[in-house]
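Structural overview for review
One-letter residues, chain by chain:
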Amino acid sequence: MKKINVPTLFYIIFLFVFIDLLLAQEPNTLWTKVIGGDSTDVAYDVEELWDGGFAVVGYTKSIPITNYDIWLLRTNSNGDTFGQGPMGERR
């Protein structure tokens, strides 16, 4: 069995990665929205729902009466928000 030297192996791996990056396509964007307040707002997870909308969970500090509370957000398939709000202790 013939051994492959390290530079040849490196070249083969580089070639596969380069071709993969060259042929990769950008994902399709359904819509883009900026949602948040004046302070820290972070989304941790987004799940597509059965009706084409999305559920987003994260945290917020943008509401003056809360302190880094969990934030739940629901959108329709066009990205219009409804059913959003903080979940946590009121200060």
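In this text the structure is predicted, and so the values were computed from the model without any measurement.

What follows concerns the side chain of Thr75. On the secondary structure map, Thr75 appears in strand E3 (residues 69-75). Exposure remark for Thr75: the relative accessible area of 1% places this residue in the buried category. Here Thr75 is in contact with Trp31, Gly53, Phe54, Asp80, Thr81 and Phe82, once residues within four sequence places are set aside.

Moving on to the pattern of salt bridges. Tallied over the full model, the rule gives one salt bridge. The residue Arg74 makes a salt bridge to Asp51 at a minimum N-O spacing of 2.8 Å. Within this pair, whereas Arg74 is found in strand E3, its partner Asp51 is found in the loop between strand E1 (41-48) and strand E2 (54-60), the two being separated by 23 residues in sequence. Asp51 gets classed as partly exposed once you look at its relative accessible area, which sits at 36%.

Further remarks concern the layout of surface pockets. Estimated volume of the largest pocket: approximately 400 Å³. Surrounding the largest pocket, 20 residues form its lining, Ile35, Gly36, Ala43, Val56 and Leu73 being those nearest its centre. Counting residues per element, the ones that place at least two in the lining of the largest pocket are E1, E2 and E3. In terms of residues, the lining of the largest pocket owes the most to one element, E2, which gives six residues. Tallied by class, the residues present in the lining of the largest pocket amount to 11 nonpolar, seven polar and two charged.

Our next topic: the pairing of E1. Two strands pair when backbone bridges link them, and E1 and E2 are joined in this way by seven bridges, in the antiparallel orientation. The residue bridging Val46 from the neighbouring strand is Val56, located in E2. Following E1, the chain reverses through five residues before pairing antiparallel with E2; Gly52 in that reversal takes a positive phi of roughly 90 degrees.

Criteria and thresholds
Residues numbered from 1 in each chain as written. Predicted model: local features only at pLDDT ≥ 70, side-chain atom pairs only at ≥ 80, totals over all residues. Heavy atoms only, no water. Helix = DSSP H or I, 4+ residues; strand = E, 2+ residues; numbered from the N terminus. Buried < 20%, exposed > 50% of the residue type's maximum accessible area, 1.4 Å probe, protein only. Contact = heavy atoms within 4.5 Å. Salt bridge = Lys/Arg side-chain N within 4 Å of Asp/Glu carboxyl O. 1 Å grid on protein atoms, 1.4 Å probe; cavity = no way out; pocket = protein on both sides within 12 Å on 5 of 7 lines; lining within 4 Å. Points joined across faces, edges and corners; volume = space filled by probe spheres on them. Nonpolar A, V, L, I, M, F, W, Y, C, P; charged D, E, K, R; others polar. Pairing = 2+ DSSP bridges.

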